[in-house]
Amino acid sequence: MSSGRDPVQQAAGEDRDLYEVSNWEPRSRLDRFIVGIDGGVRRIAQLLVYAVAGLIGLSVVALSLWVLLAEFRIGNLDAVTDPVVTALVVLSVVPALALAGYVWRADVTTGEPIGLLAVTFLLILLLAGFVAILNELGGLVLGVREGAFGLGTILFYYLVVGPVEETAKLLAVRLHAYRSDRFDAVIDGAVYGAVAGLGFATIENALYITRALEPAATALDTIAAADGITAARALAGPGHVIYSGVAGFYLGLAKFNREYAVPLVLKGLLIAALLHGTYNVGASIVPGLVYQSTSLSPLASTMAFVVPFDALAGYYLYRKIRNYRDTYRAVEAEQWDDRVPLPELAEFDPSTDKPAVGSPDIADADATARSAAGRPDETNAESGDAMTESGTADESDDGTADAAGADDERELLDADRTAASRSDEENEDSIDDWEF
């Protein structure tokens, strides 16, 4: 296998000049001129790429805004300005809002700023119109007809609706929040993904609710006309938060694993699109079967499918978040244990400070040691006086008094050493008692 170096490079010493032998660098005017041209061409190509990407982005936003404007002017989306309809739309996103709030609160790292969350929310609103265009084109290609369900509809959900909508939600995160320094943890991807899902659920619910409305004379008529679709959309909203939360988590992994960024993003999108497509297919089949085979109402039949499905899909996202949270806390605790020094002892704490040599504490320890040896200070003093007097009175004794005095001195020295040793041990025990 080639080492990537010329044989001359491998064999030559570092002090040998290999210019235009096996190495090259710009030295002459011609060299620098050619390198300058190459750099200029690269910069121009980069600018062209940015320009094309910008034009495509502006076109997407313009088309999206055009669709939303058409819904206001031609469709019924203008009804959302009615306070009653606005309240219905808000009620329809309460479950999705609660779930997104949970994901936001589950972030054990630094909290994500409201500004970035709001921008992510608004970006998906801008992209929703373009998503509608792509869904319409995909439906035409696959021959999907409204009210009909068949193989074309199943393919439409798995190949168009799921991938297109999840890609748009992930793009809303990637365009702004992903570039911010506040996106500094893998779990942040799940947070911004959940917010993008909330934004998409909001605009989608508004479209469904306003389209289902008929001209109504009173607020009660409006509520009666839209209460069913509002409840149904409230059930559908959490799914958007879950799917894009999963895709966002893998986007967070991609940011901190650049070598495998593309496979990670594709994996997240694939899982989210499969969950999304499966939900749509199941919601088209299961509630009808439950309604026909039981005495449940249409809404209860829908709940019989949606609630268990969202619970399973949500548990998948919950496990990702919980695993990250538990690992983060465990690693943080290990780092804390490694970097925290022993506690600083109080300056005048007698139970922890080691007394200085010659301090009163040492004197007390000596006295204690002497008392433990059965020789109080006064007794020792008296014994010393007695020995002195005895030595003066009878110097011709066989040295018994001198030997006794030497023995007493050795015992006193041993007692001093024992007291000092005990003081050290007590000091060490008091330090070992500090725990965190």
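Before any of the text, the structure's been laid out above.
Reading guide: rules and limits
Residues numbered from 1 in each chain as written. Predicted model: local features only at pLDDT ≥ 70, side-chain atom pairs only at ≥ 80, totals over all residues. Heavy atoms only, no water. Salt bridge = Lys/Arg side-chain N within 4 Å of Asp/Glu carboxyl O. Helix = DSSP H or I, 4+ residues; strand = E, 2+ residues; numbered from the N terminus. Buried < 20%, exposed > 50% of the residue type's maximum accessible area, 1.4 Å probe, protein only. Phe/Tyr/Trp six-rings, centres within 6.5 Å; stacked < 30°, edge-to-face > 60°. Lys NZ or Arg CZ within 6 Å of the ring centre and 35° of its normal. Expected span 1.5 Å × (residues − 1). Polar contact = N/O pair within 3.5 Å; in protein donor to acceptor, adjacent residues only side chain to side chain. Contact = heavy atoms within 4.5 Å. Axes fitted to C-alpha atoms, helices over the stretch in contact; angles between N-to-C directions. Parallel < 35°, antiparallel > 145°, perpendicular 65-115°, else oblique. Left-handed = near helix turned anticlockwise from the far one by under 90°. Nonpolar A, V, L, I, M, F, W, Y, C, P; charged D, E, K, R; others polar. Core = buried A, V, L, I, M, F, W, Y, C linked by side-chain atoms within 4.5 Å.

What to know about the pattern of salt bridges
By the definition in use, this model includes seven salt bridges. The shortest N-O distance in the salt bridge between Arg42 and Asp38 comes to 3.0 Å. In this pair, Arg42 and Asp38 both sit in helix H2 (residues 29-73), four residues apart, roughly one turn of the helix. Overall, the relative accessible area of 38% leaves Asp38 in the partly exposed class. Because the salt bridges share partners, they merge into one network encompassing Asp17, Glu25 and Arg27.

Here we look at the packing of aromatic side chains
Working definition: an aromatic ring pair is given by the centre-to-centre distance plus the angle between the planes. For the coordinates displayed, the defined rule picks out nine aromatic pairs. Ring geometry for Phe249 and Tyr250: centres 6.3 Å apart, planes at 85°, overall edge-to-face. Tyr250 matches Phe249 in its accessibility class, with the two residues each being buried. Among the aromatic residues, ring-to-ring pairing joins Tyr178, Phe183 and Tyr192 into one connected group. Above the plane of the ring of Tyr208 lies Arg233, whose end atom (NZ or CZ) is 4.2 Å from the centre. Sitting over the face of the ring of Tyr178, Lys255 holds its NZ or CZ atom 5.1 Å from the ring centroid.

Some details on H2
Here H2 spans 65 Å end to end across 45 residues, near enough to the 66 Å set by a 1.5 Å rise per residue. Among the residues of H2, those classed as buried are Asp31, Gly39, Gly40, Val60, Ser64, Val67, Leu68 and Glu71.

Focus on the side chain of Thr210
Within the fold, Thr210 resides in helix H7 (residues 186-212). Look at Thr210 and you get buried, because its relative accessible area is 1%. Polar side-chain contacts of Thr210 include one of 2.7 Å to the backbone oxygen of Ala206. Here the side chain of Thr210 touches Leu207 through a polar contact of 3.1 Å, landing on its backbone oxygen. Excluding anything up to four places from it in sequence, Thr210 contacts Asn76, Leu77, Ala79, Val80 and Val85.

Examining the packing of helix H3 (residues 83-92) against H7
Put simply, H3 and H7 touch, their axes get as near as 9 Å, and they point 130° apart. Of the possible angle classes, the one that applies to H3 and H7 is oblique. With respect to the hand of their crossing, H3 and H7 are arranged in right-handed fashion. Across the interface between the two elements, Val85, Leu88, Val89 and Ser92 from H3 touch Thr202, Asn205, Ala206, Ile209 and Thr210 from H7. Considering only residue class, the contact of H3 with H7 consists of five nonpolar, four polar and no charged.

A look at the nonpolar core
Side chains of nonpolar character tend, in soluble globular proteins, to be buried together. Ranked by internal contacts, the top residues of the largest apolar core, which has 45 residues, are Val103, Val173, Tyr192, Val241, Tyr243, Tyr279 and Ile321. Those elements that provide at least two residues to this core are helix H4 (94-105), helix H5 (114-142), helix H6 (151-175), H7, helix H8 (219-255), helix H9 (261-293) and helix H10 (298-339). Looking at this core element by element, the count peaks at 11 residues for H8. Apart from residues lying up to four places away in sequence, Val173 is in contact with Thr120, Tyr178, Phe183, Tyr192, Gly193, Ala196 and Leu251. Residues Leu127, Phe156, Val161 and Val281 belong to the second largest nonpolar core, which totals 14 residues.

Quick notes on the side chain of His276
Counting through the fold element by element, His276 comes out in helix H9. In this structure, His276 is in contact with Val161, Gly162, Glu165, Glu166, His240 and Tyr243, ignoring residues within four places of it in sequence.

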